Amino acid sequence: MSIRHGLLALLERGPRYGSQLRTEFESRTGSTWPLNVGQVYTTLGRLERDGMVRQGGEDGAGHTLYTITDDGRAELRAWFEKPVDRTSPARDELAIKLAMAVGAPSVDIRDVIQSQRRHTVRAMQDYTRLKAQALLAVESGGARERDDVAWLLVLEQLIFQTEAEARWLDHCESRLIRLSATARSAPDAQDVPASPAGPAAQDAPTPVAPSGADAARP
C-alpha cells in the first residue's frame, strides 16, 4: 500500500497537518489500513526531503501545515496513471501456509483449509453488513458522501477478495482429493520396472532374440 501517494492525494485538496491527514486517510478507507501519527510524519518527512511537499506555515491552533509541490502533483498523476504491478505479487500468508502444510508431518491440510474457510466466510459476512451500512450512508447523502463512496469501493474490493479466497480454498480441497485418489490407484513403485537411462544404459549388452527351441519355450 502506498501511504505516500495517499497522503499526496489528500494534500492536493489543500494544506493539512499530520493528525488531520491520518484522520482523513482512515475515514476515506474505513480504517481498513490504520495509520499512526508517527508513520504519517515519517512519510511527510521523506516527501519533504524528495521535494514533493513543503511546510506552509501553521493553522490557528499552531499545527504545522504541509502543502503539495509541483513535483508532488506530477508524482501523484504518474501514480494514478500507472497500473498496479501484479508481476511481483506480495507474499500471501495463506498461500505460504498451505504450501508448507503439504506433506508436513502431523498436519492435516484439510483441517487447515476448513478452519480458514470458516474464518473467510465470517469475514465476508462482516464486509457485507458494512457494505449495507455504507450504501445507506451514500444514498442518504451528507457532508461525508465522498468518504462514504470511497469506503464503499474498498468494502466491495474486500468482498471480492474473500469470495475469491473461498473459491480457491474449495479448489484446493478438490485438488487434494483428486491427487489422493490418483495416488491410491497408482501401482506401487516396486511393481514398475525401472527403465535404464544415462551412460550406463548405453554400455549395457544388447539382448539377443531367442531362436529355435528356446523361442518356443514359455
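Right, let's walk through the structure included here. (Residues numbered from 1 in each chain as written. Predicted model: local features only at pLDDT ≥ 70, side-chain atom pairs only at ≥ 80, totals over all residues. Heavy atoms only, no water.)

1. Here's the deal with the packing of aromatic side chains
Note the threshold: Only Phe, Tyr and Trp rings take part, Trp by its six-membered ring, and two of them pair if their centres are within 6.5 Å. Stacked means planes under 30 degrees apart, edge-to-face means over 60, and tilted covers everything else. Each residue is placed in one exposure class: buried if its accessible area under a 1.4 Å probe, protein chains only, is under 20% of its type's maximum, exposed if it is over 50%, and partly exposed if it falls in between.
Under the criterion given, the structure shown has 2 aromatic pairs. Relative to Phe80, the ring of Trp79 lies with its centre 5.1 Å away and its plane at 45°, an arrangement referred to as tilted. When its relative accessible area of 55% is taken as the criterion, Phe80 is described as exposed.

2. Brief notes about the pattern of salt bridges
Using the following cut-off: Criterion for a salt bridge: a side-chain nitrogen of Lys or Arg within 4 Å of a carboxyl oxygen of Asp or Glu. Secondary structure elements follow DSSP: runs of H or I no shorter than four residues count as helices, runs of E no shorter than two count as strands, and numbering proceeds from the N terminus.
Following the criterion strictly, the structure yields 10 salt bridges and no others. Here Arg28 and Asp147 are joined by a salt bridge, their closest N and O atoms 3.0 Å apart. Of this pair, Arg28 sits in helix H2 (residues 18-29) while Asp147 sits in helix H7 (residues 145-185); the two residues are 119 residues apart in sequence, bridging distant segments of the chain. Judged by its relative accessible area of 22%, Arg28 is partly exposed. Linking Asp126 and Arg129 is a salt bridge whose minimum nitrogen-to-oxygen distance equals 2.2 Å. One end of the pair, Asp126, and the other, Arg129, are both in helix H6 (residues 109-140), 3 residues apart, so they sit about a helical turn from each other. On the basis of relative accessible area, Asp126 is assigned to the partly exposed category, the value being 36%. Taken together, the shared-partner salt bridges in this structure form one network comprising Arg4, Arg49 and Asp50.

These figures capture arrangement, not role.
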